[in-house]
Amino acid sequence: MATAEDKTRTAGSAASTDSSAKAAGAKTVKKVAKKTAKRTSKATKQTARSSRRNRPGPRQRLLASATNLFSTQGIRVIGIDRILRDADVAKASLYSLFGSKDNLVVAYLQELDQKWREDWHALADQREKPEDRIIAFFDLCIQQEPENNFRGSHFQNAASEYPRPETDSEQR
């Protein structure tokens, strides 16, 4: 016959067995969680590395960011920090590539000009008559107007924000 003391010992040993099983189970869960976290971390790092390899260089990211921000909000109201944050580029890269915000604006306008001329040539070279080539200019303006979000010509907007190019900071 089991005494109360034996029952307590049996219950105690069952409890300690349960608690040791729980502790072992908890350790296993922790180990699995650590391994999973390491795998996830490695996968995230590999994804980040591969996405960094596949993304454009700092110059292209700066120009793309500048184009987006300048054309939607204006040139003077956008600060360097906003461009850097949007492009995910260090300040040192901006200054080593362009030297100043003014030079970034010039590069932005040169890139827009080059793209615009390429688009115009693609449209105008198909036309034989000089009059039709002139009309190609207007056709291109009409074609691209929805992309401008009704803010007008990028070049005219830049000219209105930089009315006096003879200032020291704007001379090249």
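Conventions adopted
Residues numbered from 1 in each chain as written. Predicted model: local features only at pLDDT ≥ 70, side-chain atom pairs only at ≥ 80, totals over all residues. Heavy atoms only, no water. Helix = DSSP H or I, 4+ residues; strand = E, 2+ residues; numbered from the N terminus. Contact = heavy atoms within 4.5 Å. Areas by Shrake-Rupley, 256 points an atom, 1.4 Å probe, with all protein chains shown as cover. Expected span 1.5 Å × (residues − 1). Buried < 20%, exposed > 50% of the residue type's maximum accessible area, 1.4 Å probe, protein only. Phe/Tyr/Trp six-rings, centres within 6.5 Å; stacked < 30°, edge-to-face > 60°. pLDDT = per-residue confidence, 0-100. Axes fitted to C-alpha atoms, helices over the stretch in contact; angles between N-to-C directions. Parallel < 35°, antiparallel > 145°, perpendicular 65-115°, else oblique. Left-handed = near helix turned anticlockwise from the far one by under 90°. Nonpolar A, V, L, I, M, F, W, Y, C, P; charged D, E, K, R; others polar. Core = buried A, V, L, I, M, F, W, Y, C linked by side-chain atoms within 4.5 Å.

Chemist: Any chance you could explain the overall build of the chain here in plain terms?
Modeler: Along the backbone of the chain there are seven helices and zero strands. Going residue by residue from the N terminus, the α and β elements of the chain occur as α-α-α-α-α-α-α. Considering only contacts in the chain between residues 6 or more positions apart, those separated by 24 or more positions represent 57%. If you sum the accessible surface of the chain, you get close to 12,600 Å²; carbon and sulfur atoms cover 55% of it.

Chemist: Would you mind going over helix α6 (residues 130-144) with me for this structure?
Modeler: Each full turn of the α-helix corresponds to 3.6 residues, which orients residues three or four apart in the same direction. Over its 15 residues, α6 extends 22 Å from the first C-alpha to the last, a length consistent with the 21 Å expected when each residue adds 1.5 Å. Within α6 the residues assigned to the buried category are A136, L140 and Q144. On the buried face of α6, the contacting elements are α5 (101-124).

Chemist: How should I be thinking about the packing of aromatic side chains in this particular structure?
Modeler: The relative placement of two aromatic rings is captured by the distance of their centres and the angle of their planes. Summed over all chains, the structure comprises three aromatic pairs. A ring pair is formed by W116 and F137, whose centres lie 5.3 Å apart and whose planes are at 55°; its orientation type is tilted. In this pair, W116 sits in helix α5 while F137 sits in helix α6, placing the two residues 21 residues apart along the sequence. Residue F137 is classed as partly exposed on the basis of its relative accessible area of 37%. Judged by centre distance (5.1 Å) and plane angle (85°), the ring pair of F137 and F138 falls under edge-to-face.

Chemist: Sorry, what's going on with the confidence of the model for the chain here?
Modeler: Detailed reading of the predicted coordinates is not advisable wherever pLDDT falls low. On average, residues of the chain carry a pLDDT of 77, and 61% of them reach 70 or more. Confidence, read as mean pLDDT per element, is least for helix α1 (residues 4-54) in the chain (58) and greatest for helix α3 (residues 80-87) (94).

Chemist: How do you make sense of the packing of α5 against helix α7 (residues 154-161) when you look at a structure like this?
Modeler: Two quantities define a packed helix pair, namely the angle between the axes and the distance from one axis to the other. One way to put it is that α5 packs onto α7 with a least axis distance of 10 Å and a crossing angle of 155°. Judged by the inter-axis angle, α5 sits roughly antiparallel to α7. By crossing handedness, the relation of α5 to α7 is classed as left-handed. Contact residues: Y108, L109, L112 and D113 in α5; H154, F155 and A158 in α7. Broken down by class, the residue content of the contact of α5 with α7 amounts to five nonpolar, one polar and one charged.

Chemist: How should the environment of T67 be read in this particular structure?
Modeler: Examined against the element boundaries, T67 turns out to sit in helix α2 (residues 58-73). Between the C-alpha atoms of T67 and A107, which are 40 residues apart in sequence, the distance is 10.0 Å. In this structure, T67 is in contact with Y108 and L112, ignoring residues within four places of it in sequence.

Chemist: How should the nonpolar core be read in this particular structure?
Modeler: Across soluble globular proteins, nonpolar side chains have a tendency to be buried as a group. Formed by 21 residues in total, the largest nonpolar core has its most connected members in L62, F70, I75, I83, L94, F98 and L104. Looking at this core, the elements that each hand over two or more residues are α2, α3 and α5. Ranked by size, the runner-up nonpolar core spans five residues in total, among them W116, L123, A136 and L140.

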